[in-house]
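Survey of secondary and tertiary structure
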Amino acid sequence: MNPLLWLLAAIIALVLSARLQEWAVNNPGGWYVSAGAGLVLLGIHRSRRDLQFMQHLSRRPQWLWAGEYLVFSLPFAILILSVGNWQATILWWLFCVAVPLLPVRPSAIWQQVFWGRVIPAGLYEWIAGMRKFGVFMSLFYAAALVSAFFVPYAALLLFWFVLATLGGFYQECEPRQLLLAAELPARQYVHGKIRSHIPAAWVLGAPVYVAYGILHPEHGWVVLGFFVLTSIMHLFFILNKYATYRPNLKNSGNSLLQSLVTLSVVIPFLLPLPLILCFRDYGRAVRNLDFYITAHYPNAHA
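Read on for an overview of the structure. (Residues numbered from 1 in each chain as written. Predicted model: local features only at pLDDT ≥ 70, side-chain atom pairs only at ≥ 80, totals over all residues. Heavy atoms only, no water.)

1. Observations regarding unusual backbone geometry
A positive phi is found at N248, a non-glycine position, where the angle reads about 65°. Residue N248 is classed as exposed on the basis of its relative accessible area of 53%. (Buried < 20%, exposed > 50% of the residue type's maximum accessible area, 1.4 Å probe, protein only.)

2. As for a nonpolar patch on the surface
A cluster of nonpolar side chains, contributed by V146, F149, F150, V210, I214 and L215, occupies part of the molecular surface with about 610 Å² of accessible area. Mapped onto the nonpolar patch, the elements with two or more residues apiece are α9 (124–150) and α12 (186–215). With respect to the element layout, I214 can be found in helix α12. Owing to a relative accessible area of 63%, I214 belongs among the exposed residues under this scheme. (Patch = residues over 30% accessible without salt bridge, like charges linked within 9 Å, V, L, I, M, F, W, Y side chains within 5 Å. Areas by Shrake-Rupley, 256 points an atom, 1.4 Å probe, with all protein chains shown as cover. Salt bridge = Lys/Arg side-chain N within 4 Å of Asp/Glu carboxyl O. Helix = DSSP H or I, 4+ residues; strand = E, 2+ residues; numbered from the N terminus.)

3. A word on the side chain of Q258
Its place among the elements puts Q258 in helix α14 (residues 255–263). For Q258, a relative accessible area of 7% translates into the label buried. Sequence-distant contacts of Q258, defined by excluding residues within four places in its chain, comprise G167, G168, Q171, F236 and F237. (Contact = heavy atoms within 4.5 Å.)

4. Topic: helix α5 (residues 61–72)
Taking 1.5 Å as the rise per residue, α5 with 12 residues should run 16 Å; its terminal C-alpha atoms sit 17 Å apart, in good agreement. Among the residues of α5, P61, W65, A66 and Y69 are the ones counted as buried. All buried residues of α5 project into a common sector of 140° when viewed along the axis, lining one side. (Expected span 1.5 Å × (residues − 1). Arc of directions from axis to C-beta.)

5. What to know about the packing of aromatic side chains
Applying the stated criterion across every chain, the model contains 15 aromatic pairs. Ring plane angle 85° and centroid distance 5.1 Å describe the contact between F291 and Y292, whose orientation is recorded as edge-to-face. Its relative accessible area of 12% is what places Y292 among the buried residues. Members of the aromatic cluster, connected to one another through ring pairs, are Y141, F159, W202, Y209, F226 and F227. (Phe/Tyr/Trp six-rings, centres within 6.5 Å; stacked < 30°, edge-to-face > 60°.)

By themselves, these figures tell us nothing about what the structure is for.
In structure tokens form, the structure reads like this:
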């Protein structure tokens, strides 16, 4: 995920620290806080890029990681201890030690087979993206479902992280041969992508939306607004990919715009930005793809 999103997560965590202290006073609340933090730690650990490197550098990197997590989480542990909930603190320390002891990565073969079977072949960006971020997204998705029962708004915040990760799915540009295999004009190709990918995100979010709506019907307008804003965010991811499409290249230069559009879901003054960029990138995407398609099919029209 983009560093700007991690920075926002850290700010939100600081803002919520007072509420965390309230929840941690009793045993069940403290256990929920520690368990939720443990899921976040697991997602962060599995998304680290230095795991393989550390295994070559040290014979027992697990203890280095455990020490790192224990030291950097001291403020969190002190927060829970300050309300006298030592059981929840011990649970958190166990997470810090246990998470590094898990296997570094699932089998690459297992990931290829599993995601290739559960995701339709036409959503190849999703298949490739889930092979990279699937563990991280699954943890946050599970946490969002659980939070819908206990902590209002936290479910949507956690699911927002899941949807924000979708931006990474659209940074890799497919080969031109795959573009031409569809045998569609540029405009129809873009429309087809929108019609297949955005409903896939709706299906992904349906359990979270339904659970939240049933358990917290008074927040129905919040769920509806979140649904609309994240759909526009996803639309931008698709249009921006093809507006800057270059065969077989990675559009890493789009990260800043993706971060701003993603933050617009939770920062009100950024709300107009996604719509403006979508209108801009739609025409650019059609013209850009038309260049690559008509070069091969001269009679094709967008």
